[in-house]
Each structure stands twice: as structure tokens, then as C-alpha cells.
Amino acid sequence: YLAGISISGGIESRAQPVVKIEKIFPGGAAFLSGVLKAGQELVSVDGENLQNVTHQRAVDIIRQAYHNKAKEPMELVVRVARA
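Cut-off values and rules
The numbering scheme is per chain: residues are counted from 1 as the chain's sequence reads. Per-residue local features are limited, in this predicted model, to residues with pLDDT of at least 70; the limit for side-chain atom pairs, both in listing and counting, is 80 or more; totals at the level of whole chains, interfaces and linings are taken over all residues. Values shown for side chains rest on all heavy atoms present in the structure; no hydrogens or waters enter the calculation. Of the grid points, spaced at 1 Å and generated over the protein atoms alone, those admitting a 1.4 Å probe that cannot get out make up cavities, while open sets with protein on both sides within 12 Å along at least five of seven lines make up pockets; any residue with an atom within 4 Å of a point is treated as lining. Grid points are joined across faces, edges and corners, and a volume is the space filled by probe spheres set on the points. A helix here means a DSSP run of H or I that spans at least four residues, while a strand means a run of E at least two residues long, and both kinds are numbered starting from the N terminus. Gly counts as polar in this scheme, as do all residues outside two lists: the nonpolar Ala, Val, Leu, Ile, Met, Phe, Trp, Tyr, Cys and Pro, and the charged Asp, Glu, Lys and Arg. Grouping buried Ala, Val, Leu, Ile, Met, Phe, Trp, Tyr and Cys residues that are joined through side-chain atoms within 4.5 Å yields what is termed a nonpolar core. Accessibility here uses a 1.4 Å probe with only protein chains present; expressed as a share of the type maximum, an area under 20% marks a residue as buried, one over 50% as exposed, and anything in between as partly exposed. As used in this structure description, the phrase polar contact means that two N or O atoms lie within 3.5 Å; if the pair is within protein, one of them must be able to donate a hydrogen and the other to accept it, and residues adjacent in sequence are counted only when both atoms belong to side chains. Two strands pair if DSSP finds at least two bridges between them. In the sections that follow, a salt bridge refers to a side-chain nitrogen of Lys or Arg positioned within 4 Å of a carboxyl oxygen of Asp or Glu.

Student: Sorry if this is basic, but what is going on with the layout of surface pockets here?
Tutor: Each pocket or cavity is described by its volume, and for the largest pocket that value is around 290 Å³. Looking at the lining of the largest pocket, the elements with two or more residues in it are helix H1 (29–33) and strand E5 (76–79). The biggest single contributor to the lining of the largest pocket is H1, with three residues. Partitioned by chemical class, the residues of the lining of the largest pocket number eleven nonpolar, one polar and two charged.

Given below as C-alpha cells:
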């Protein structure tokens, strides 16, 4: 996966209607940032809202952001549970 993550969920999923980071691939941009964790809910990517979108739409948004930001960092906003 281009940004170094795989995602799960989407509005069409009864079990998981929110988009979450499923896996972070070693060596990818997300892994190298050291900030993102599997299981975190993705709220937005480069200002594009990922709330109430289908899985495929979320994939398309992330791919587009990756291509647009080939020379600049992508901005991913995640929801972090309070400890």
C-alpha cells in the first residue's frame, strides 16, 4: 500500500462503520513517522474527511493524497482514545 498502511472499515460495514488503520507496513512512510498505530480511527487525510465514507472512497482519498504529496508530508488526523 502506497502510504505504508492498510485500512479497514467504512460506512457500509455494520461491524466497523469508521475507517481504521488495520496494519502499518515496515519501511513505509507511516512506519517511519513512528506516530501512527494499528487500530487508530482515521478522521481525515490532507483535510479530506473520512467520516461516513465507504471503504473504497477512503482508499481513493488516501491514494490521491499520497500522489499529491509525493514531495511533501501527508497530514493524517486520527482519533486517539483517552488513557
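Student: Sorry if this is basic, but what is going on with the nonpolar core here?
Tutor: As a rule of thumb, soluble globular proteins bury nonpolar side chains together. The biggest cluster of nonpolar side chains holds 17 residues, and the ones touching the most others in it are Ile5, Ile7, Leu42, Leu50 and Ile62. Counting only elements with at least two residues in this core, the list comes to strand E1 (5–8), strand E2 (20–24), strand E3 (41–45) and helix H2 (55–68). Ranked by residues supplied to this core, first place goes to H2 with five residues.

Student: Any chance you could explain the environment of Ser33 here in plain terms?
Tutor: If you trace the backbone, Ser33 turns up in helix H1. Classification of Ser33 as partly exposed rests on a relative accessible area of 40%. Within the structure, the side chain of Ser33 is placed 2.8 Å from the backbone oxygen of Ala30, a separation counted as a polar contact.

Student: Would you mind showing me how to read the pairing of E3 here?
Tutor: On a regular strand, one side chain projects to one face of the sheet and the next to the other, so that they alternate. Most of E3 sits inside the fold, with five of its five residues counted as buried. The pairing of E3 with E5 spans four bridges and is classified as antiparallel. Bridged to Val45 within E5 is Leu76. Pairing between E3 and strand E4 (residues 48–49): two bridges, direction antiparallel. Looking at the pairing, Val45 lines up with Glu48 of E4.

Student: I'm lost on the pattern of salt bridges in this one. Help?
Tutor: Two side chains of opposite charge can pair, provided their charged atoms sit close to one another. A complete count under the given rule lists two salt bridges for this structure. Glu41 is the partner of Arg79 in a salt bridge, and the nearest nitrogen-oxygen pair spans 3.0 Å. Residue Arg79 is located in strand E5, and its partner Glu41 is located in strand E3; the two are separated by 38 residues in the primary sequence. When its relative accessible area of 45% is taken as the criterion, Arg79 is described as partly exposed. The buried category is assigned to Glu41, whose relative accessible area is 11%. With a shortest N-O distance of 3.7 Å, Arg57 and Glu48 are connected by a salt bridge. Look at Arg57 and you get partly exposed, because its relative accessible area is 41%.

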